[in-house]
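Fold and geometry: a report
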Amino acid sequence: MELARRVRRIPPYLFAELDRRRAALAQRGVDVINIAIGDPDLPTPGHIVEALARAARDPATHTYPPYEGTRAFREAVAGWYARRFDVALDPDHEVLALIGSKEGLAHLPWVFLDPGDVALVSDPGYPVYATATILAEGEPRAVPMSAERGWLPDLGAVPEEAARRAKLFFLNYPNNPTAGVADLGFFQEVVEFARRWDVLVVHDNTYSEIAYDGYRPPSLLQVPGARDVAIELHSLSKTYCMTGWRLGFAVGNRHAIRALGTLKTNIDSGQFVAIQAAGVAALTGPDAPVRERVARWQARRDTVVAGLRRAGLDVPLPRATFYLWVPVPLGFDSVGFAADLLEHAGVAVAPGIGYGTRGEGHVRLSLTAPDDRFAEAIRRIGAHLEARASRAAQ
Ligand SMILES: *Cc1c(COP(=O)(O)O)cnc(C)c1O
């Protein structure tokens, strides 16, 4: 059976071998601590679960949903943007419900790219930007990011030929995997770039609420005129610990919103109305459950960063996201260090190369495991690195 070219063009899954080793260790009864994936360990707030239960009992929710999302959900999104970012959105034309933000990200290239068109994707970055571009027969072009620039791309360094052919520009701040953050000054530059080259900016703002020490990440739509050239995606997955529920939304440029909605009417039929009702409860409900969860992650961040630094790793303190982006020790590449930690400490982390060539030299740890598992992970990593250092010294 021959697969379509567009599917064959998806890059091979780099971690198959690591996954196999992890499974083999687990099979042998080794207790592997998995901090490779970013999936909140804390439950969805109770009032949101209750709202789903109530809505699910109402037969009115059992029919096909409106394609663009329920009016109540779109109004809740607009209300949340007004309160959180002071950005006014028209719920009828500037808001679209998504079946998780990944769904919107994966469908956008189908709306905007003809074969051979370029999508600019941050490197390192969330892998969906590039793979969705490939599936739509577009050409992903890496926009390099580096620690020196705080993991912000140098827009002036984008080759003119790529900028000219680009139709989409995927960005994500606070950033997965680097935990880099952007201010409005940078977003202003992005908007100017988009105007100059006539590209649609797709800002993935999934982590806007997962931020520490009082930091409040901005929305790209706070830049005056941004909605002429941009849409922003958000997800209830990380903010409200709802990864399994599959609910997100896109906001901003009305032409892009309408076009994405048109594509979606031909593919999916929207998200279950009761889940959208739960989304309304999330977006209009109390902030305390979100604040409590973020406080838990912040405390964990402090303990884990301190522990890993004691173990000799040079770990930056993230201001946002639940990721630690850790430079690998000298003599390792990212896959090699991940394999080393897996074999000798029983700890699974994500190699940076999986997020793009500029992710080489780092591994990503996710703070989404229970505190006692982290205490154990730090103990094991510390013991392993110390043993290796003393061997090296002999
Ligand atoms: C988790 C994540 C998503 C996907 O969110 P869903 O709404 O669950 O699809 C999108 N972008 C980034 C950067 C993420 O880390």
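Our subject is the structure that appears above.
Notes on the structure in this doc start here. Quick caveat, the model's predicted, so the values are computed rather than measured. Note on numbering: residues in each chain are counted from 1, in written sequence order. Only residues with pLDDT of 70 or above have their local features reported here, since the model is predicted, and side-chain atom pairs are shown and tallied only from 80 upward, although totals for entire chains, interfaces and linings are computed over all residues. Remark: hydrogens and water are excluded; side-chain values derive from all non-hydrogen atoms of the structure.

Once that is clear, we can look at the site of the ligand. What surrounds the ligand is a group of 15 residues, the closest being Asp204, Tyr207, Ser235, Ser237 and Lys238. Separating an oxygen atom of the ligand from a side-chain N or O atom of Asn176 is a distance of 2.9 Å. Identification of polar contacts relies on pairs of N or O atoms within 3.5 Å, with a donor-acceptor requirement for protein atoms, meaning one able to donate a hydrogen and the other able to accept it, and with residues adjacent in sequence counted only if both atoms are side-chain atoms. Between an oxygen atom of the ligand and a side-chain N or O atom of Ser235, the distance comes to 2.5 Å. To be clear on the numbers: accessible area is Shrake-Rupley with a 1.4 Å probe, and residue cover counts the displayed protein chains and nothing else. In isolation the ligand offers 390 Å² of accessible surface; the protein chains occlude 94% of this area. Where helices and strands are cited, they refer to DSSP runs of H or I of at least four residues and of E of at least two residues respectively, numbered from the N terminus. Ranked by residue count, the leading element in the shell around the ligand is helix H5 (residues 101-112), at three residues. Considered class by class, the residues forming the shell around the ligand number four nonpolar, seven polar and four charged. We define proximity as follows: a residue is near a molecule or strand when any one of its heavy atoms falls within 4 Å of that partner. The residue classification treats Ala, Val, Leu, Ile, Met, Phe, Trp, Tyr, Cys and Pro as nonpolar and Asp, Glu, Lys and Arg as charged. All others, Gly included, are polar.

Our next topic: the sheet that holds strand E6 (residues 200-204). Any two strands with at least two DSSP bridges between them are considered paired. Ordered in space as E2-E8-E7-E6-E5-E3-E4, the seven strands form an open sheet in which the pairing is mixed. Every interior strand has two partners, whereas the edge strands, strand E2 (95-98) and strand E4 (139-144), have only one. Here the strands of the sheet are splayed against their neighbours by 25° on average, with no regard to which way each runs. Two strands pair when backbone bridges link them, and strand E7 (residues 230-235) and strand E8 (residues 248-252) are joined in this way by five bridges, in the antiparallel orientation. Each residue of the ladder has a partner; that of Glu232, found in E8, is Val251. Contacts were defined at the residue level, with two residues in contact if any of their heavy atoms lie within 4.5 Å. In this analysis, axes come from line fits to C-alpha atoms, helices being fitted only over the stretch in contact, and the angle between any two N-to-C directions falls in the range 0 to 180 degrees. Packing of H5 onto the sheet brings it into contact with E2, strand E5 (166-171), E6, E7 and E8, and relative to E7 it is tilted by some 155°. On the sheet, helix H10 (residues 254-265) packs against E2, E6, E7 and E8 and is oriented at approximately 35° with respect to E2.

Here, a salt bridge means any Lys or Arg side-chain nitrogen found within 4 Å of an Asp or Glu carboxyl oxygen. Taken as a whole, this structure holds 31 salt bridges when the rule is applied. Notably, a salt bridge pairs Lys264 with Asp268, separated by 3.0 Å at the nearest N-O pair. Taken individually, Lys264 and Asp268 each receive the classification buried, so the pair is uniform in this respect. Taking the shortest distance from any N to any O, the salt bridge between Arg380 and Glu376 comes out at 2.8 Å. A residue pair is termed a helical-turn pair when its members lie 3 or 4 positions apart in one helix, as Arg380 and Glu376 do in helix H14 (residues 371-393) at four residues. For Arg380, a relative accessible area of 13% translates into the label buried. Connected via shared salt-bridge partners are Asp31, Arg373, Glu376, Arg379 and Arg380. Throughout this description, buried means an accessible area under 20% of the type-specific maximum (1.4 Å probe, protein chains only), exposed means over 50%, and partly exposed covers the range between.

Of note, the amide linkage connecting Asp123 to Pro124 takes the cis form, showing an omega dihedral of 5°. Mapped onto the fold, Pro124 is located in the loop between strand E3 (118-123) and helix H6 (128-135). Cis geometry is found at the peptide bond from Tyr173 to Pro174, where omega equals -5°. With respect to the secondary-structure elements, Pro174 resides in the loop between E5 and helix H8 (184-197).

By this rule, a helix spans an expected 1.5 Å times one less than how many residues it contains. With twelve residues, helix H2 (residues 16-27) extends 16 Å between its outermost C-alpha atoms, agreeing within 8% with the 16 Å of an ideal straight helix rising 1.5 Å per residue. Once H2 finishes, Gly29 follows within two positions and takes phi at roughly 90°, a positive value.

Before going further, it helps to examine the pairing of E8. The buried fraction of E8 is high, at five of five residues. On E8, burial covers both faces: Gly248, Ala250 and Gly252 on one face and Phe249 and Val251 on the other are all buried. Of the pairings in the sheet, the one linking E2 to E8 comprises four bridges and is antiparallel in character. Bridge assignment links Ala97 to a residue of E8, and that residue is Phe249.

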